[in-house]
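Architecture and fold: a report
Residue strings, one per chain:
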Amino acid sequence: MSDKFQDRYRIPSARAHWWNYRKRAAYFVTICTYNHECLFGEIYDGVMHLSGIGAIADNYFSAIPKHFPFVQLDKFIVMPNHVHAIICISGTHVQRTNHVETLHATSLATSLNQYSITPP
């Protein structure tokens, strides 16, 4: 793996090179915001209060099984600067490659500050 992507340093993949991530299994996933900024909301009185962007993240996570019928969400929670999820790949699906890629909206080069996002 190259040390740089688009002229920026990056960390090595956290994926186990010996595991086929297309297999039926439960996966614990954590997705963090850039620079760990608290974009998704805040916790007060022991309760997570979602921001507009947090509500969008919550809605999109909830919709994953609609787009991928072979995926079930066991549990997920949106936190101020990250999302935790247990995602179960449970059905049969065919892919002709040995790697799994995200489909869209990956590695956005622009800042969220340029968007006017309001709660749904």
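The present account deals with the structure reproduced in this document.

Calculation criteria
- Residues numbered from 1 in each chain as written.
- Predicted model: local features only at pLDDT ≥ 70, side-chain atom pairs only at ≥ 80, totals over all residues.
- Heavy atoms only, no water.
- Helix = DSSP H or I, 4+ residues; strand = E, 2+ residues; numbered from the N terminus.
- Buried < 20%, exposed > 50% of the residue type's maximum accessible area, 1.4 Å probe, protein only.
- Contact = heavy atoms within 4.5 Å.
- Core = buried A, V, L, I, M, F, W, Y, C linked by side-chain atoms within 4.5 Å.
- Phe/Tyr/Trp six-rings, centres within 6.5 Å; stacked < 30°, edge-to-face > 60°.
- Lys NZ or Arg CZ within 6 Å of the ring centre and 35° of its normal.
- Pairing = 2+ DSSP bridges.
- Axes fitted to C-alpha atoms, helices over the stretch in contact; angles between N-to-C directions.
- Expected span 1.5 Å × (residues − 1).
- Bend = angle between axes of the 7 residues up to and from the residue.

**Structural notes on the overall build of the chain**
- Scanning the chain from terminus to terminus reveals one helix and seven strands.
- Its helices and strands in sequence order give the chain the pattern β-β-β-β-β-α-β-β, from N to C terminus.
- Looking at the chain as a whole, 18% of its 120 residues are labelled buried.
- Across the chain, contacts joining residues at least 24 apart in sequence account for 53% of those joining residues at least 6 apart.

**Considerations on the nonpolar core**
- Core analysis: the biggest nonpolar cluster contains 11 residues, these being Y27, F40, A57, F61, I64, V71, V78, V83, A85, I87 and I89.
- Looking at this core, the elements with two or more residues in it are helix 1 (52-67), strand 6 (71-78) and strand 7 (82-89).
- No other element matches the four residues that strand 7 contributes to this core.
- The contacts of V83, once residues within four sequence positions are left out, are V29, T30, I31, F40, F61, I77 and V78.

**Some thoughts on the packing of aromatic side chains**
- Under the criterion given, the structure shown has four aromatic pairs.
- Here the aromatic rings of F68 and F70 are separated by 6.1 Å at their centres, their planes lie at 70°, and the arrangement is edge-to-face.
- Accessibility expressed as a relative area gives 29% for F68, which makes it partly exposed.
- When the ring centre of W19 is taken as origin, the NZ or CZ atom of K23, which lies over that ring, is 4.7 Å away.

**With respect to the environment of I56**
- Residue position: I56 is located in helix 1.
- For the pair I56 and F40, spaced 16 residues apart in sequence, the C-alpha to C-alpha distance is 8.8 Å.

**Details of the pairing of strand 6**
- Bridge count for strand 6 against strand 7 is seven bridges, and the pairing is antiparallel. Bridging across to strand 7, F76 finds its partner in A85.
- Count of turn residues in the strand 6/strand 7 antiparallel hairpin: three residues.

**Here we look at the side chain of T33**
- One can find T33 in the loop between strand 3 (25-32) and strand 4 (41-44).
- For T33, the residues in contact, after removing those within four places along its chain, are L39, F40 and N81.

**Quick notes on the sheet that holds strand 3**
- Within the open sheet, the three strands sit side by side as 3-7-6. Their pairing is antiparallel. Edge positions in the open sheet fall to strand 3 and strand 6, since each of these has one partner strand only. If you compare each strand with its neighbour and ignore which way they point, the axes differ by 15° on average.
- Together, strand 3, strand 6 and strand 7 form the strand contacts of helix 1, whose direction differs from that of strand 6 by roughly 165°.

**Thoughts on helix 1**
- Across its 16 residues, helix 1 extends 22 Å between first and last C-alpha, which sits within 8% of the 22 Å expected from 1.5 Å per residue.
- At F61, helix 1 shows its strongest bend, of approximately 25°, with the proline P65 following within four residues.
- If you check which residues of helix 1 are buried, you get G52, G54, A55, A57, F61, A63 and I64.
- Buried residues along helix 1 sit against strand 3, strand 5 (47-50), strand 6 and strand 7.

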